[in-house]
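# Coordinate analysis (summary)
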Amino acid sequence: MIDQRVVTLAKTLLHHSVQLKKGERVLITSPLTARPLIKALIEEAYAMDAYPYVNLYDDEINRYLYTGYEAEQLETSMQWDLKRVKEVDAYISISSSENDAELSDVPGEKFRLRGEYFKPVQKVIINDRKWVLLNYPTQGLAQKAKMSYEAFTNFLLDVCNVDYEKMDQAQQPLKELMERTDRVRIVSPGTDLTFSIKGIPAVKCAGENNIPDGEVFTAPVKDSVNGTITYNTPCPYRGTVFNNVSLTFKDGKIVEATADNSDKINEIFETDEGARFVGEFAIGVNPMILHPMGDILFDEKIAGSIHFTPGEAYEDADNGNRSSVHWDMVLIQRPEYGGGELYFDDVLVRKDGLFVLPELEGLNPQHLK
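The rules behind these values
- Residues numbered from 1 in each chain as written.
- Predicted model: local features only at pLDDT ≥ 70, side-chain atom pairs only at ≥ 80, totals over all residues.
- Heavy atoms only, no water.
- Pairing = 2+ DSSP bridges.
- Helix = DSSP H or I, 4+ residues; strand = E, 2+ residues; numbered from the N terminus.
- Salt bridge = Lys/Arg side-chain N within 4 Å of Asp/Glu carboxyl O.
- Buried < 20%, exposed > 50% of the residue type's maximum accessible area, 1.4 Å probe, protein only.
- Phe/Tyr/Trp six-rings, centres within 6.5 Å; stacked < 30°, edge-to-face > 60°.
- 1 Å grid on protein atoms, 1.4 Å probe; cavity = no way out; pocket = protein on both sides within 12 Å on 5 of 7 lines; lining within 4 Å.
- Points joined across faces, edges and corners; volume = space filled by probe spheres on them.
- Nonpolar A, V, L, I, M, F, W, Y, C, P; charged D, E, K, R; others polar.
- Axes fitted to C-alpha atoms, helices over the stretch in contact; angles between N-to-C directions.
- Parallel < 35°, antiparallel > 145°, perpendicular 65-115°, else oblique.
- Left-handed = near helix turned anticlockwise from the far one by under 90°.
- Contact = heavy atoms within 4.5 Å.

This part covers the sheet that holds strand S8 (residues 210–211). Taken in spatial order, the five strands of this open sheet run S2-S1-S3-S4-S8, and their pairing is parallel. Every other strand in the sheet has two partners, leaving strand S2 (51–57) and S8 as the edge strands with one partner each.

Dropping the structure here:
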C-alpha cells in the first residue's frame, strides 16, 4: 500500500508541476530508492492517459563512470540523452541519495568535462520541456537533517504538499516589485552587498520546477555586484560541504573567496570565466522550511532567506553569464541566524526575515502555512 501522501505528491508533480496532458510523454529519472513515488507516478500517468518512461541510476555506479570520463564517451552519452529528452514532453528528476559525498573524490576536471558536454541536454530540459526536480526520503538525507527516518519522511511529505496555488498568488506582488526595482542592498552580519536587477525578469517558483518550492528569483546585472556576502548555512557542491563561505565582489566578479576549505572553493571558481560572476538572486519563502539541512533543494527555499548564486544564469531571468557552475548559496536573515535587512531602491522590504511592506505580508510564514 502506497502512503496516500506519496500519491498526493505524484498528483502534484503531474498535474501542477509539469501539467501533463492526455497523450503526452513524461520521463522519470530516479534512483530505485524512490520506488514508492515512481510507482505512484506511473499509476497516475496511466490514469491520465499519458505515457510514463523511467530511467534508473545509482550514485555508486555513477562514481565509477565519472572517474574515467573521456570526451568521446561523453559525446556518445550526451547524444543518447539528448535524443531521449527531445522525444518527451515532460521531465521529472528525483534525487534520493544515500550518501551525498559519494562523488567527493571525483576529480574536478571530470565534473567540468561532463558539465560542458551535457549543456545541450540541460538546455532542452530547462528551456524547452516541462520539468521538475525533487528529493525523496532516504536514511542518508534523514541523517543529514539530524532527524529519524520516520520524522524526516513526515517532514518532507508535509513540506512538499503545501498549497502551491496560494503561494503562487502571494508571490505576484513580490515579482512585480522586483521588476520595478533597480538597486538591491543586502545587510547582515558579515554582509553588505549591493547590485542592480534593473531590466531583468523576476520569476515566481511555486511548485512548477522544484518540489519543495517557494522562491522568487531574478539575476543581478552582471557587472553591478559590489561588496561582501557571508553565508550562514552549509554550502554543498560536488560532494563537499563548505562552511563559513564569504565572497567579496568588485564590479560583478568574485575577487576574494574564503571558507573552511579556501583552496578547494577557489578551485571551483576557476572552473571557467563565468564561475566568478553571479547568475541568480532569489528570495526564499517556504513557511515549512526553517533550518538548513545541507540539501540545496530545501535550503534555498528557507523562509526568511536569500540565495546568491555564482555561475550560470537561467534564460528566463538572464544576465548573460555562462558557466558550467551554478552554485546556490544561502543566507538566512531571521533573528536566530543574526537577522538582517533587504532593501529595494533604499526602501526596507524585509527585516529579520519578515516582509514589512503591506503588499508583501502575504508571503510571511503565518499566511502561507
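Attention now goes to the pattern of salt bridges. Counting across every chain of the model gives 20 salt bridges. Salt-bridge contacts for Lys130 lead to Glu24; the nearest nitrogen and oxygen are separated by 2.7 Å. One end of the pair, Lys130, is in strand S4 (residues 130–135); the other, Glu24, is in the loop between helix H1 (4–17) and strand S1 (25–31), and 106 residues separate them in sequence. A relative accessible area of 26% means that Lys130 is categorised as partly exposed. Across the pair Glu70 and Lys110 runs a salt bridge, and its minimum N-O distance is 3.6 Å. In this pair, Glu70 is assigned in the loop between helix H3 (59–67) and helix H4 (71–86) and Lys110 in helix H5 (residues 108–117), connecting sequence segments 40 residues apart. Taking the relative accessible area as the measure of exposure, Glu70 reaches 48% and is therefore partly exposed. Look at Lys110 and you get buried, because its relative accessible area is 16%.

Throughout the structure, instances matching the rule amount to 13 aromatic pairs. Residues Phe155 and Phe298 carry aromatic rings whose centres are separated by 6.1 Å and whose planes lie at 25 degrees to one another, so their mutual orientation is stacked. One end of the pair, Phe155, is in helix H8 (residues 149–160); the other, Phe298, is in helix H11 (residues 296–299), with 143 residues separating them in the sequence. Classification of Phe155 as partly exposed rests on a relative accessible area of 22%. A relative accessible area of 1% places Phe298 in the buried class. With a centroid separation of 6.4 Å and an interplanar angle of 65 degrees, the aromatic rings of Phe281 and Phe308 are classed as edge-to-face.

Let us now look at empty space enclosed by the protein. Applying the stated criterion across every chain, the model contains one cavity of 30 Å³ or more. Volume-wise, the largest cavity comes out at about 30 Å³. In this structure, the largest cavity is lined by Gly284, Val285, Ala303, Gly304, Arg350, Gly353, Phe355, Leu363, Asn364 and Pro365. For the lining of the largest cavity, a count of residues per class yields five nonpolar, four polar and one charged.

Moving on, we come to the layout of surface pockets. In this approach the atoms are scanned with a rolling probe the size of a water molecule, which exposes any empty space left behind. Looking at the second largest pocket, its volume works out to about 270 Å³. Along the wall of the second largest pocket there are 14 residues; nearest its centre are Lys144, Ala145, His291, Pro292 and Met293. Considering only residue class, the lining of the second largest pocket consists of 10 nonpolar, two polar and two charged.

This part takes up the pairing of strand S13 (residues 246–250). Strand direction decides the pairing type here: strand S10 (residues 226–230) and S13, joined by four bridges, are antiparallel. Residue pairing for S13: Ile229 is matched across the bridge by Leu247. Bridge count for S13 against strand S14 (residues 253–258) is five bridges, and the pairing is antiparallel. Considered in S14, the bridge of Ser246 is made with Thr258.

Interhelical geometry of H4 versus H5 gives an angle of 40 degrees and a closest axis separation of 9 Å. Considering their axes alone, H4 and H5 lie oblique with respect to each other. As H4 packs across H5, the resulting crossing turns out to be right-handed. Contacts from Ala71, Leu74, Glu75 and Met78 of H4 reach H5 at Leu113, Arg114 and Tyr117. Split by residue class, the contact of H4 with H5 holds five nonpolar, no polar and two charged.

Let us now look at the sheet that holds strand S20 (residues 354–355). Spatial strand order, S14-S13-S10-S6-S5-S18-S19-S20: eight strands in an open sheet with antiparallel pairing. Bordering the open sheet on either side are S14 and S20, each of which pairs with just one other strand. Bridge analysis of strand S5 (residues 183–188) against strand S18 (residues 341–344) gives four bridges, and the strand direction is antiparallel. Opposite Val187, over in S18, you have Glu341 as the bridge partner. Sheet strands touched by helix H10 (residues 262–269): S13 and S14. Its angle to S14, the strand with the most contacts, is close to 160 degrees.

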